Amino acid sequence: MTDPKETINIENVVASTGIGQELDLQSVAMDLEGADYDPEQFPGLVYRTQNPKSAALIFRSGKIVCTGAKSTADVHESLEIVFDKLRELNIEVNENPEIVVQNIVTSADLGRNLNLNAIAIGLGLENIEYEPEQFPGLVYRLDEPEVVALLFGSGKLVITGGKKPEDAEQAVDKIVSRLEELGLLE
Amino acid sequence: RLRKWQERIRTKDAGERNLQFALSEIDRMASALGVPRSVREVASVIYRRALSEDLIRGRSIEGVATSTLYAACRQEGIPRSLEEVAEVSRVDQKEIGRTYRYISQELGLEMRPVDPKQYVPRFCSDLGVSEEVQSKANEIIDTTAEQGLLSGKSPTGYAAAAIYAASLLCNEKKTQREVADVAQVTEVTIRNRYQEQIEALGIH
DNA sequence: AGATTACTTTTAAAAGC
DNA sequence: GCTTTAAAAAGTAATCT
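The following refers to the structure shown. (Residues numbered from 1 in each chain as written. Chains lettered and ligands numbered in written order. Predicted model: local features only at pLDDT ≥ 70, side-chain atom pairs only at ≥ 80, totals over all residues. Heavy atoms only, no water.)

## Focus: the nonpolar core
All names here are of chain B. Among the nonpolar cores identified, the biggest contains 35 residues, and Ile26, Ile46, Tyr47, Leu69, Ile103 and Leu107 are the most heavily contacted of them. Listing elements by their share of this core, those giving two or more residues are helix H1 (2–33), helix H2 (37–52), helix H3 (61–75), helix H4 (82–87) and helix H5 (93–106). The element that contributes the greatest number of residues to this core is H3, accounting for eight residues. Beyond its immediate sequence surroundings of up to four residues, isoleucine 103 is in contact with Ile46, Ala50, Leu55, Val64 and Leu109. Grouped together as the second largest cluster of nonpolar side chains are 31 residues, Ala160, Ala165, Ala166 and Tyr194 included. (Core = buried A, V, L, I, M, F, W, Y, C linked by side-chain atoms within 4.5 Å. Buried < 20%, exposed > 50% of the residue type's maximum accessible area, 1.4 Å probe, protein only. Helix = DSSP H or I, 4+ residues; strand = E, 2+ residues; numbered from the N terminus. Contact = heavy atoms within 4.5 Å.)

Structure below.
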């Protein structure tokens, strides 16, 4: 039927960057509208962007983590907003800070129900974790690409730990072919 | 030289004391859970393996002891849920679960998923239902699991729903609350699993 | 008996305890 | 190891009407 690869959807992208400048988070928290800063609880200041939607964690060192974006392009857009907000506060920000994608979370659909019990035994109990008492998903760690897949009885899956969108595509291909050769799909 | 020797004895003694403590804790918890002696022996074998492979470092003795007991119950085919094990342990359920997964992975225990049928004898005995209900529940579990209904579902809730359904089919009705209490799941879970199971069985 | 909210799992980075 | 952030998957649970 439909190629499971075409059902892949990026759900979250995490990236890190830095403005190359130390920050006084206390004063940034005062001047930046909507900023959450509670150093007792966490050393980073939380700033949320609306369009695109994301959450940025800003640290004293000037390093920033952006999470919640739906694409790598959105990560760049969100961080540009953060950079501009900081510039408005008369904080120097490098012209083009390097943005490194650290993790991409993806969802997909194999289009068929899965017998997780059979898969756990078929794929080998060594590299699989399936504890339905604790979590309904089967945890499958792949070596190439190095990602973690969560497989569900519905045939839906989550792939996380990848650094580029192709990682998820490769992972889906490998999962499909492995399940097929074991006769565990369809 | 003498100091080194003393140190060795001291650590050996400490290790011995820790092992004794762990084994006595396994014994205490096993008694509280009412599992046979064979399970305690399996648990202590797993614990000694974990100790010899240095898996205890950075973890609490109690946590590892509880996890090995949880694993031993499963290996012996008389599982206790994490909730039940947590009730007799001083370690919380979440840590028992993650320690179990770690020990299981590192020792290559290759634990198979729990079969809901393994809970049926104990739950039925606690409910005081007949042998007929018990075998009917087993039949329901086998038939519906073959149709793929088991994937992702907790074994206790699945067993509880099958027992509830069986009690109705055998005219020995137990309420959802009664079954929920012995299985330690909510009535909502029993209702949900029950609906799926009777539909799969074609009982409308 | 629903509905809603919330927690379980996985992943990565940041700074500090 | 923990703290925080976001997101999906599906199951279970607590709370409210």
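After that view of the structure, there is still more to cover.
## Structural notes on the interface of chain B and chain A
Each partner contributes to the interface: chain B provides 20 residues, whereas chain A provides 16 residues. Overall, the association of chain B and chain A removes approximately 1,600 Å² of surface from exposure, summing both partners, and the carbon and sulfur fraction of that is 47%. Together, Pro113, Ser151 and Gly152 of chain B form the three largest contributors to the area buried by chain B at its contact with chain A, with a combined 32%. Counting every contact that joins chain B to chain A gives two salt bridges. In this structure, glutamate 129 of chain A and arginine 101 of chain B form a salt bridge, with 3.6 Å as the shortest nitrogen-oxygen distance. Where chain B meets chain A, there are eight residue pairs in polar contact (both at pLDDT 80 or more). At the level of elements, H3, H4 and H5 of chain B are the ones that each hand at least two residues to the side of chain B that touches chain A. Looking at the side of chain B that touches chain A, the element that brings in the most residues is H5 of chain B, giving five residues. For the side of chain B that touches chain A, the residue count by class is seven nonpolar, six polar and seven charged. (Buried area = accessible area lost by both parts, 1.4 Å probe. Salt bridge = Lys/Arg side-chain N within 4 Å of Asp/Glu carboxyl O. Polar contact = N/O pair within 3.5 Å; in protein donor to acceptor, adjacent residues only side chain to side chain. Nonpolar A, V, L, I, M, F, W, Y, C, P; charged D, E, K, R; others polar.)

## Digging into the protein's contact with DNA strand C
In the vicinity of DNA strand C lie 21 residues, with Pro43, Arg60, Ser61 and Arg141 of chain A together with Arg191 of chain B positioned nearest. The biggest single contributor to the surface near DNA strand C is strand E6 (residues 100–109) of chain A, with three residues. Looking at the surface near DNA strand C residue by residue, the classes come out as ten nonpolar, five polar and six charged. (Near = heavy atom within 4 Å.)

## Comments concerning the pairing of strand E4 (residues 54–58) of chain A
All names here are of chain A. Across the five residues that make up E4, a large majority, four, are buried. Relative to E4, strand E3 (residues 45–49) runs antiparallel, the two sharing five bridges. Of the residues in E4, the one forming a bridge with arginine 48 is alanine 55. Pairing analysis gives four bridges linking E4 to strand E5 (residues 63–69), with the strands arranged antiparallel. The partner of alanine 56 across the bridge, within E5, is cysteine 66. (Pairing = 2+ DSSP bridges.)

## Re the pattern of salt bridges
Residue and element names in this part refer to chain A. Here the structure, examined in full by the defined rule, presents 22 salt bridges over all chains. Among the ionic pairs, aspartate 36 bridges to arginine 48, the shortest N-O distance being 3.5 Å. Here aspartate 36 is found in strand E2 (residues 36–37), whereas its partner arginine 48 is found in strand E3, with twelve residues between them in sequence. Taking relative accessible area as the criterion, arginine 48 reaches 46% and is therefore assigned partly exposed.

From the geometry alone we can't say anything about function, so treat these as descriptive.
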